[in-house]
Amino acid sequence: MDPIAESTESTILARSTPNAEEASEAVRRVRRAKAGDLAAYDQLVHQFQERIYGLCYHMTSNHEDAHDLAQDTFVKAWQALKSFKGDSSFYTWIYRIAVNTCLNHLKLRRNRTPHLSLNDLDLQPENHPDLVALVSDKTPRREANLAELQRRLNEAILKLSEDHRTVVTLHDIQGLPHDQIAKILGVNPGTVRSRLFYAHQQLQGSLADWVK
Amino acid sequence: MIDDEPSKRLQQLLRLKRHETPPPGYFNEFSDTVLDRIRALESERAIPKWRRWFSRGSQSSNGPITESGLWFVGGWNTAIGLSMLVATVGGLYWASLLTNSEGMPDNSPQQAARLGHPSVVAPAASTVGTGLAAKSMPELVEPRSVQFHPVTVSMSGSSPELSSTNPLPSGLFQLPGASGGGSEAYRVRFGNSPR
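Residues numbered from 1 in each chain as written. Chains lettered and ligands numbered in written order. Predicted model: local features only at pLDDT ≥ 70, side-chain atom pairs only at ≥ 80, totals over all residues. Heavy atoms only, no water.

Focus on the packing of aromatic side chains
Residues and elements named next belong to chain A.
1) Next: Going through the model one piece at a time under the given rule, you end up with 15 aromatic pairs over all chains.
2) Next: Where Phe48 meets Phe90, the ring centres are 5.5 Å apart and the plane angle is 55 degrees; that geometry is what we call tilted. One end of the pair, Phe48, is in helix α3 (residues 38–60); the other, Phe90, is in helix α5 (residues 90–108), with 42 residues separating them in the sequence.
3) Next: A relative accessible area of 5% means that Phe90 is categorised as buried.
4) Next: Summarising the aromatic geometry, the rings of Phe197 and Tyr198 are spaced 5.3 Å apart at their centres and angled 75 degrees between planes, so their arrangement reads as edge-to-face.
5) Next: The class for Phe197 is partly exposed, based on a relative accessible area of 33%.
6) Next: Judged by relative accessible area, which is 46%, Tyr198 ranks as partly exposed. (Phe/Tyr/Trp six-rings, centres within 6.5 Å; stacked < 30°, edge-to-face > 60°. Helix = DSSP H or I, 4+ residues; strand = E, 2+ residues; numbered from the N terminus. Buried < 20%, exposed > 50% of the residue type's maximum accessible area, 1.4 Å probe, protein only.)

Here it is in structure tokens:
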């Protein structure tokens, strides 16, 4: 991989998966928040808001829905914080709440036509080496613009089943490892790999023009 | 697991989505909004359930809300609650009225009978043949008891004499002009009884 791309990836992955120091800091904040310290919970929200929002956005492809779902996630987590025993990390626990909140939302809105609001988002992929590679002469559709790529990509992801979309979001987009995803979803790591395999097959079919 | 070229390109494509982020400054307000919602929930939780119910009704009707956000007249929940209250109080009042006119002990038929009220005693003494006295309708009941006393008429001289066990004072009986001897049947009329 290109060194610049590798650097960008590592930054994103570092943001997606908390390191040991961040995890211990989260434990202290959780302890204070459980005692009713709202300022400590504010710090927890700051710590995880981008990741939780990202999960909700990639599950729904809608900014407004992602906003509401991410907020709901943190409010639910506060309400359930007293029941959090620390068997898993707060990171895993709040991710589980977010995934369940998104899945419930998708079930309720299953018949609604998804509204893509990418214009609301700040996408600056033109500087990203992956995208440069994709729109270079190696790609079959040189004339395609970024908006078309985004649209096709989102359509393909939205065609996935909710289970498959969840693992693709958590692994391919947010960079979580298989075992972490397994803990969040409460399934075996093998199940995660299996879902990823079938999801990739389906996506390759939907995005054949881009991946061949 | 996925090592071929299409798979790698797919993963590159999916990684592009990491760059889809909300507008700059979006997360500046995010946690404040979350905390506002939490504070609102906490303060709502401190309010008793029944007051919350009224409060929600007030808010759902888009009506004015007092500073405490709890009471105003005009919310549909409030209207329903007040209607139910009025209906309950009205029902209780009506029931008490009915009880007073029909079922109170000092007006009961049994109590009246014990006190010897004529409107109640009469039907008990003259139920034979009327059929109306069996009904407890005071306006249809004969107000006086009817008792019969044998009357003996004897002729001594030119004017008949009348004797009876009836305790009524003398002078209440009148004999029509009797002529001839022997025992005759006379219609005896009490002073105020209809002819």
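Next comes the rest of the description.
Focus on the confidence of the model for chain B
Predicted coordinates in regions of low pLDDT should not be interpreted in detail.
Residues and elements named next belong to chain B.
1) Next: Taken as a whole, chain B shows an average pLDDT of 64; of its residues, 36% reach a score of 70 or greater.
2) Next: Here residues 61–73 is modelled with pLDDT under 50, and outside its nearest four sequence neighbours on either side it reaches 22 contacts, counting other chains as well.
3) Next: Ignoring residues within four places in sequence, the model shows residues 176–184, a span with pLDDT below 50, making seven contacts including any to other chains.
4) Next: Model confidence for the complex is summarised by a pTM of 0.58, with the ipTM given as 0.76. (pLDDT = per-residue confidence, 0-100. Contact = heavy atoms within 4.5 Å.)

Notes on the nonpolar core
Residues and elements named next belong to chain A.
1) Next: One finds Tyr41, Ile52, Phe74 and Phe90 to be the most contacted residues of the largest nonpolar core, which totals 65 residues.
2) Next: Take this core: its biggest share by element is 12 residues, from α3.
3) Next: When neighbours within four sequence positions are excluded, Phe90 is seen to be in contact with Val30, Leu44, Phe48, Leu81 and Phe84. (Core = buried A, V, L, I, M, F, W, Y, C linked by side-chain atoms within 4.5 Å.)

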